[in-house]
Amino acid sequence: MEDTVEVSIGGAAEATEMADQLTDLYVADSVGSSKQGVAHFSRDRFKARLLDGQANQPGFAIATARANGELIGYMFGCPLPVVNLWWGSVQETLSADLIRETGSRTFALLEGIVRRDWRGRKIASALYAKLLEGRHEERITLMVRPENESAYAIWKHYGYQKIGTADPAGDGTTHLDVLVQYMNATASIQG
Ligand SMILES: CC(C)(COP(=O)(O)OP(=O)(O)OC[C@H]1O[C@@H](n2cnc3c(N)ncnc32)[C@H](O)[C@@H]1OP(=O)(O)O)[C@@H](O)C(=O)NCCC(=O)NCCS
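Residues numbered from 1 in each chain as written. Predicted model: local features only at pLDDT ≥ 70, side-chain atom pairs only at ≥ 80, totals over all residues.

**Notes on helix α4 (residues 123-132)**
Residues of α4 that are buried: I123, A124, L127 and L131. For α4, the angular spread of the buried residues around the axis is 95 degrees, confining them to a single face. Summarising the contacts, the buried residues of α4 are in contact with β1 (5-10), β2 (61-67), β3 (70-79), β4 (106-114) and α5 (149-157). Looking one or two places after α4, you find G134, whose phi comes out positive at around 75 degrees. (Buried ≥ 20, exposed ≤ 12 C-beta atoms within 10 Å, placed from the backbone. Helix = DSSP H or I, 4+ residues; strand = E, 2+ residues; numbered from the N terminus. Arc of directions from axis to C-beta. Contact = placed C-beta atoms within 7 Å.)

**A short note on the pairing of strand β5 (residues 139-144)**
Here β4 pairs with β5 via four bridges, running parallel. Bridged to T106 within β5 is R139. Regarding the hand of the β-α-β motif, the stretch spanning β4, α4 and β5 is right-handed. With six bridges connecting them, β5 and strand β7 (residues 176-182) associate as antiparallel partners. Each bridged residue has a counterpart across the sheet, and for V144 the counterpart in β7 is D177. (Pairing = 2+ DSSP bridges. Right-handed = clockwise from strand over helix to strand, strands pointing away.)

**Some words on the sheet that holds β1**
Taken together, seven strands build an open sheet; the order of strands is β1-β2-β3-β4-β5-β7-β6 and the sheet is mixed. For this open sheet the edge positions go to β1 and β6 (161-166), each flanked by a neighbour on one side alone. For this sheet the average axis-to-axis angle between neighbouring strands, irrespective of direction, equals 25 degrees. Pairing of β2 with β3, which is carried by seven bridges, proceeds in the antiparallel orientation. Bridging across to β3, A65 finds its partner in G73. (Axes fitted to C-alpha atoms, helices over the stretch in contact; angles between N-to-C directions.)

**Quick look at the nonpolar core**
With 40 residues, the main nonpolar core has A15, A63, Y74, M75, F76, L109 and L127 as its most contacted residues. A total of six residues in this core trace back to one element, the largest contributor, which is β4. Excluding residues within four positions of it along the chain, M75 makes contact with A63, L109, E111, G112, L127, Y128 and L131. (Core = buried A, V, L, I, M, F, W, Y, C linked by C-beta atoms within 7 Å.)

**Quick word on the site of the ligand**
R119, A124, S125, A153 and H157 are the nearest of the 19 residues found near the ligand. Of all elements in the fold, only β4, α4, β5 and α5 reach the threshold of two or more residues within the shell around the ligand. Per-element accounting of the shell around the ligand gives the leading share, five residues, to α5. Counted by class, the shell around the ligand contains nine nonpolar, six polar and four charged residues. (Near = placed C-beta within 6 Å. Nonpolar A, V, L, I, M, F, W, Y, C, P; charged D, E, K, R; others polar.)

Taken by themselves, the reported measurements are silent on function.
What follows is the structure, encoded as structure tokens:
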């Protein structure tokens, strides 16, 4: 039987309702990766970040992919609020204009995962398109582990540029590259 993949968009209510499924997929992905054993990337921290913070942010959105009803991937994010921890976690000095937020300037892509047996089949591509459909932010930002070569290649393919490094855990246990992509190709990164 041909698998039917359904991609849909939701908000905080959907993310909260399926928090356990989202967490299970996240944890399964961490096994054997550089995330394994790092507290920031643990089951409890992921779920707490989602339920106590991320899902409550204005404009939070989640795209999910299901095959025959089963969750096989998701991406979620939210616009950065005026006061945020995102730019504060960047270790380099960035210009005031680069980190200026209005609440609707920058969409932060917080998590994106496709189940291992479904990778390389354009599921992330469909999730990304669904998540960003109709959004009006001028740019998107995300953080990626530099050793995560397959994901890094995809973000570069989409036009992301590295602007710095961050330790979002704040204790030296996370080493992430911070990437930005401008929706308007004529805009550029300065600073
Ligand atoms: C990263 C991840 C979500 C990608 O999922 P996927 O379904 O395999 O990706 P897709 O097949 O949809 O590929 C996405 C796009 O990148 C392109 N692409 C894939 N591999 C590429 C490569 N090595 N170089 C350049 N482009 C590539 C695809 O052609 C597609 O482009 P398109 O939208 O223009 O058609 C998946 O590998 C994953 O879950 N990884 C573990 C979790 C993770 O690392 N998440 C990212 C954290 S920042």
